[in-house]
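Single-letter residue listing:
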Amino acid sequence: MKTIAVAGGGIGGTIVANRLCERLRPEIEKDEVKVAVFDRSGQHVYQPGQLFAGFGLEQPSDLVKSEEQLLSPKARLMQGKAGEITKIDVANHALNTGDGKSHPYDYLVMATGSVLDWDLVPGLKESMLSVWDMEGAQRHLAALRGFQGGTIVVNVARLPHKCPVGPLEETLMLEDYLRRRGLRDKTELVYAYPIPGVFGIPNVNKVMTRIYEERGIRVVSPFTVKAVDPQGKTIESNEGEKLKFDLLLGVPPHMGSKVVGDSAVGDRRNWVPTDKFSLQMKDHSDVFVMGDTTDIAISKAGSTADFESYVVADNVANGIRGSDVRKEYDGSVFCFIATGMSTATYIRFNYNTPPVPPPPSGVNWWSKIAYNKLYWSVTAKAMV
Amino acid sequence: MTSYMTETSIILYKTLDLTGQSCAGVVGELSGVYEEMRPGEYVDVLIKSDSGKKDILAWASRVGARVREAQSGGAAIRLLVDRVK
Ligand SMILES: Cc1cc2nc3c(=O)[nH]c(=O)nc-3n(C[C@H](O)[C@H](O)[C@H](O)COP(=O)(O)OP(=O)(O)OC[C@H]3O[C@@H](n4cnc5c(N)ncnc54)[C@H](O)[C@@H]3O)c2cc1C
C-alpha cells in the first residue's frame, strides 16, 4: 500500500486530495493507495468570502463547512489531535501528529497555508481591522456601519500576503460603499502600500492608479509600516511618514504555518523552498508544495492553488504508477478584482504572460459572485 | 553604512527567481526577503527586464542595500543584493 499524505485541508489540500482520489480511483479501490488529509480544525473556511463578509454581503456562517462534506469519500480525513501536524519529518518521510502518532508517507503534499503575523508591527493588532481573518471581517463590518466620516487608512503591512489584489478590492469597494451611504464627501480615503504605486505588476498598477485618481483616493507609497499608535491613532512608516486615521483597515504581515518553522523545512518566514515548475520541495522529490505554503514569487491565492493542483495530482499519480511523465506549473493565476459594490475586472496571467485587466463591468462582478458560490460544489470538489 | 564586511564574509541567504510575473512585483518580493535577512547576507536575484533592475536600484538606495551585478549565464539579469546594516 502506498500512502499519499496531504498536510492541510484548506483550499489547496482539499482540491488536490479530491483530484488525487479521482486520478487514482482504481488503485484506491484495490487498497493499493491511500490518500490521507491532515487538518487540525476539520472546518473548511472559504477565505475569499471574508472580504464580502466585511461589507455585509456574505454571512460568515456561509463561509465555513465541515471538511468531511467536501472531501471525496475515498480520502481519509484525520482531524483534531490526529490531524494536527506537529512535525513534518522529511528526512524520515513521516508526519507526526498531536495524538503522538507518526504517519509514514510515500508522497507528501504540503498545503498548510499562511498565518497572520500581527506581532511584527507594534500596535497593529490593537488598531487594524482586517478582513484577512474571519473575526476581523465581522469587526470590519461593525466599524463601517458605525462610521460617520473622517480619515480611513487602508494599509498593507508587508508583501507577500494572500490575495494580493484584495487591498485594491477592499479600497474600491469601500469607496463605493461610502458614496452609497452619502459619506464620501466626509471621508478622506488613504491607501498606504509598501512599494511604489498601488500594485506590483506594472500594467495593473497603471490601470488601478488611474481608477484611484478618478475616485479621489490618496496614495501614500512606498509606505512600510513601522509602528501604530492605537491611542494617538497614527500609523508611522520606515520611510518617515506619519498618517492620522479614524479607521485603520488592511492587511497584517503574513508568514507560513508554524509547523513549517518547528520542522525546520522553511525559510525564516516559514515559506517552503519550492521548484517553481515541478512544485517539488527543493532536494526532496517525494514532497510537493502548493498554495500559500511555497516560497515561489507568485500570488498567494486560492486560484494559484487550484492551478497547481492539476500539476501536483498528475505528477504524484504518475509517480505512483511508475510513469516518468511529468507536468510543469506555468505560473497560472486568475483573480477577479472588485472595483466597487457592483463592478469588477480580472487578471489572468502566468510566469511569461502579463495580465491585461479589461474595463470594469457588472458582468465581471456577477461572475465573481458566481465563482464564489460555485466554490463549494465545483472547485473544492475538483469537478473541473 | 556601518562597518562593512569583506566580499568573502558575505553569506548567501537565498536565491530569488523573479523572472516570472508576480503580483508583488520584483520590489515587493525582494523587500519581503530583505527584511528576513541579517547584515552580512546577500540574496541572489534573477530578473528579466531593465525596468525591474531600475526599480531594484531605486529601492536599494532608499533602504541602504548594496547591489552588485553578476553573470547570469542566460538571458536573465542577475543581481546580488547585500544587506549591510
Ligand atoms: C480576505 C481574503 C480574500 C481572498 N480572496 C481571494 C480571491 O478572490 N481569489 C483567490 O484565488 N484567493 C483569495 N484569497 C486567498 C486564498 O484564500 C488563499 O490563498 C488560499 O486559501 C490558500 O490555500 P492554501 O491551501 O494554501 O491554504 P489555506 O486555505 O489557508 O489552508 C491551510 C490549511 O492548513 C491547515 N493547517 C495549518 N497548519 C496545520 C497543522 N500544523 N496541522 C494541521 N493542519 C494545519 C489549516 O487549518 C488550513 O485548513 C483570499 C484570502 C483572503 C484572506
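Worth saying up front: this structure is predicted, and the values here are computed from it rather than measured.

Thresholds applied
Residues numbered from 1 in each chain as written. Chains lettered and ligands numbered in written order. Predicted model: local features only at pLDDT ≥ 70, side-chain atom pairs only at ≥ 80, totals over all residues. Heavy atoms only, no water. Axes fitted to C-alpha atoms, helices over the stretch in contact; angles between N-to-C directions. Helix = DSSP H or I, 4+ residues; strand = E, 2+ residues; numbered from the N terminus. Parallel < 35°, antiparallel > 145°, perpendicular 65-115°, else oblique. Left-handed = near helix turned anticlockwise from the far one by under 90°. Contact = heavy atoms within 4.5 Å. Nonpolar A, V, L, I, M, F, W, Y, C, P; charged D, E, K, R; others polar. Pairing = 2+ DSSP bridges. Phe/Tyr/Trp six-rings, centres within 6.5 Å; stacked < 30°, edge-to-face > 60°. Buried < 20%, exposed > 50% of the residue type's maximum accessible area, 1.4 Å probe, protein only. Lys NZ or Arg CZ within 6 Å of the ring centre and 35° of its normal.

S.K.: Where do I start with the packing of helix α1 (residues 25-36) of chain B against helix α2 (residues 50-63) of chain B in this structure?
M.R.: For any two helices packed against each other, the geometry comes down to the angle between their axes and how far apart the axes lie. Residues and elements named next belong to chain B. The N-to-C vectors of α1 and α2 enclose an angle of 40°; their axes lie 9 Å apart at closest approach. Classified by the angle between their axes, α1 and α2 sit oblique to one another. Crossing handedness for the pair α1 and α2: right-handed. Counting all contacts with α1, which are made through V26, V27, L30, S31 and Y34, the residues of α2 involved are G52, D55, I56, W59 and V63. For the contact of α1 with α2, the residue count by class is seven nonpolar, two polar and one charged.

S.K.: What exactly am I supposed to notice about the sheet that holds strand β21 (residues 284-289) of chain A here?
M.R.: Two orientations exist for strands paired in a sheet by backbone hydrogen bonds: parallel and antiparallel. Residues and elements named next belong to chain A. One open sheet accounts for six strands, arranged β5-β2-β1-β9-β21-β20; its pairing is mixed. Both edges of this open sheet fall to β5 (75-79) and β20 (280-281), since each of them pairs with a single strand only. Pairing geometry for β20 and β21, over two bridges, is antiparallel. What sits directly across from M281, in β21, is H284. Set on the sheet, helix α10 (residues 302-320) makes contact with β1 (2-7), β2 (33-39), β9 (107-110) and β21; between it and β9 the angle comes to about 170°.

S.K.: In this structure, what is going on with the packing of aromatic side chains? I would like to understand it.
M.R.: Within a pair of aromatic rings, the relevant descriptors are the distance that separates the centres and the angle that separates the planes. Enumeration according to the criterion identifies 14 aromatic pairs over all chains in this entry. Seen from their ring centres, Y191(A) and Y193(A) are 5.4 Å apart, and the 20° between their planes marks the pair as stacked. Judged by relative accessible area, Y191(A) falls into the buried class, the value being 0%. When its relative accessible area of 1% is taken as the criterion, Y193(A) is described as buried. Seen in terms of ring centroids, Y191(A) and Y212(A) are 5.0 Å apart; in terms of plane orientation they differ by 75°. Their pairing is edge-to-face. A residue pair is termed long-range when its members are at least 10 positions apart, and Y191(A) in strand β13 (residues 187-192) and Y212(A) in helix α8 (residues 202-214) qualify at 21 residues. On the accessibility criterion, Y212(A) (1% relative accessible area) is buried. By way of ring pairs, the aromatic residues F334(A), F336(A), Y346(A) and Y371(A) are connected into one cluster. Here the guanidinium or amino end of R83(B) rests over the ring plane of Y34(B), the centre of that ring lying 4.5 Å away.

S.K.: Help me out: how do you make sense of the sheet that holds strand β15 (residues 225-229) of chain A in this one?
M.R.: Residues and elements named next belong to chain A. The strand order β15-β16-β17 describes an open sheet built from three strands, whose pairing is antiparallel. Edge positions in the open sheet fall to β15 and β17 (242-244), since each of these has one partner strand only. Each strand axis lies, on average, 20° off the axis of its neighbour in the sheet, ignoring direction.

S.K.: When you look at the packing of helix α1 (residues 11-23) of chain A against α10(A) in this model, what are you seeing that I'm missing?
M.R.: All names here are of chain A. At a minimum axis separation of 8 Å, α1 and α10 run at an interaxial angle of 35°. The two elements α1 and α10 cross, and the hand of that crossing is right-handed. Two secondary-structure elements touch here, α1 through I11, G12, I15, V16, R19, L20 and R23 and α10 through G302, A305, D306, S309, Y310, V312, A313, D314, V316 and A317. Across the contact of α1 with α10, the residue classes break down as ten nonpolar, three polar and four charged.

In short, geometric facts, not functional conclusions.
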